[in-house]
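Overview (structure and organization)
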Amino acid sequence: MKPPVVLSRGKNSFLVEKFGGKLHTHHGIIELSELNNKSFGESVKTHLGVEYKIVPFNPSEFFKHFKRGATPLMPKDIGAIIAYTGLSPDSLIFDAGTGSGILAAYLAYFNKFGEVVTVEKREDFAKIARRNFKLAGLKNIHQILGDAIIVAEGFKKEFDLVVLDMKDDVAFVPKAKQILRVGGYLAVYNPYIEATREVYNAMSKNEFRELEAFEILRIDLDIKRVGTRTSTGVWHTGYIVIGRKY
Ligand SMILES: C[S@@+](CC[C@H](N)C(=O)[O-])C[C@H]1O[C@@H](n2cnc3c(N)ncnc32)[C@H](O)[C@@H]1O
């Protein structure tokens, strides 16, 4: 067993990046050197005797455990983008802006034989994302620091998918049309309806086909002894517009 691993107890979990030093939890301190002689499925104890299970670090945890700079996309929205654009594992993807790199990491993970080109204009965010990609062991991500609109000038009609989660997305729409191959998809995420409407209109004007705009809601269930009901919390995040070039 090698790092990274996750130490989990109920709703609490910690990502461990090296098997040394001390981990401070709400249940006491764990000596991380103890992990050297352990296997997945076994436990380590805090100095107060509370057990944490050792589990492998899995892509399902990118969202939970990656360091954050800019606000990341949530898995429910990432899943929708992957499914509705029919991502295949040998795709060339343009992702702007990188932010914390959560979307880029998931896209790279499901695109094992392809590549994700991800562009971020802020150096501090790009650095956080680089660290996250390294932690996840993802090698098929090409990070570029710069303005996505200018960077896109350097590419031809070769992308299978362009994903935008950044300001200036409306200005990028004609560029996306230029760098997409015929049959490729543009997916744009926005936290506000007004911006979503503007992107939709820009994509329509640029003759993207099969246009659809939608919101993905996740509604949890509260499962209690007395009964099960819909949780009062709704995971609203934002809106997605998807269109196709042909
Ligand atoms: C909401 S965050 C993206 C989060 C990312 N999708 C994730 O899952 O972690 C938006 C990012 O776009 C970057 N950005 C905004 N305009 C940009 C541009 N023209 N070119 C490149 N990056 C840009 C911002 O600096 C910010 O980091």
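The model shown is predicted, which means the values in this text are computed figures rather than measured ones.

Criteria and cut-off values
Residues numbered from 1 in each chain as written. Predicted model: local features only at pLDDT ≥ 70, side-chain atom pairs only at ≥ 80, totals over all residues. Heavy atoms only, no water. Domains from an automatic or database assignment. Contact = heavy atoms within 4.5 Å. Buried area = accessible area lost by both parts, 1.4 Å probe. Salt bridge = Lys/Arg side-chain N within 4 Å of Asp/Glu carboxyl O. Helix = DSSP H or I, 4+ residues; strand = E, 2+ residues; numbered from the N terminus. Nonpolar A, V, L, I, M, F, W, Y, C, P; charged D, E, K, R; others polar. 1 Å grid on protein atoms, 1.4 Å probe; cavity = no way out; pocket = protein on both sides within 12 Å on 5 of 7 lines; lining within 4 Å. Points joined across faces, edges and corners; volume = space filled by probe spheres on them. Near = heavy atom within 4 Å. Polar contact = N/O pair within 3.5 Å; in protein donor to acceptor, adjacent residues only side chain to side chain. Sits in = over half its atoms within 2 Å of the grid points.

1. Quick notes on the domain arrangement of the chain
- By the assigned domains, the chain splits into domain 1 (5-57) and domain 2 (62-244).
- Here domain 1 and domain 2 have C-alpha centroids that lie 33 Å from each other.
- Counting from both sides, the interface comprises six residues of domain 1 and, opposite them, eight residues of domain 2.
- The three residues of domain 1 that bury the most area against domain 2 are L15, E17 and F57, which together make up 78% of that side's buried surface.
- Summed over the shared surface of domain 1 and domain 2, the result is one salt bridge.
- A salt bridge links E17 to R131, with the shortest nitrogen-to-oxygen separation between them at 3.1 Å.
- Considering every element that reaches the side of domain 1 that touches domain 2, the biggest residue donor is strand β2 (residues 12-16), with three residues.
- Considered class by class, the residues forming the side of domain 1 that touches domain 2 number four nonpolar, one polar and one charged.

2. Details of the layout of surface pockets
- In this structure, the largest pocket encloses a volume near 760 Å³.
- If you go around the largest pocket, you meet 31 residues; those closest to its centre are A70, G97, D165, M166 and K167.
- Elements that contribute at least two residues to the lining of the largest pocket include exactly α3 (102-109), β8 (115-120) and β11 (180-190).
- Here the lining of the largest pocket gets three residues from one element, more than from any other, and that element is α3.

3. Notes on the site of the ligand
- Lining the immediate surroundings of the ligand are 23 residues, of which L103, E120, F125, A148 and D165 lie closest.
- Here a nitrogen atom of the ligand and a backbone polar atom of K121 are 3.2 Å apart.
- Here a nitrogen atom of the ligand and a side-chain polar atom of D147 are 3.2 Å apart.
- More than half of the atoms of the ligand fall within 2 Å of the grid points belonging to the largest pocket.
- When contributions to the shell around the ligand are tallied by element, the ones reaching two or more residues are α3 and β8.

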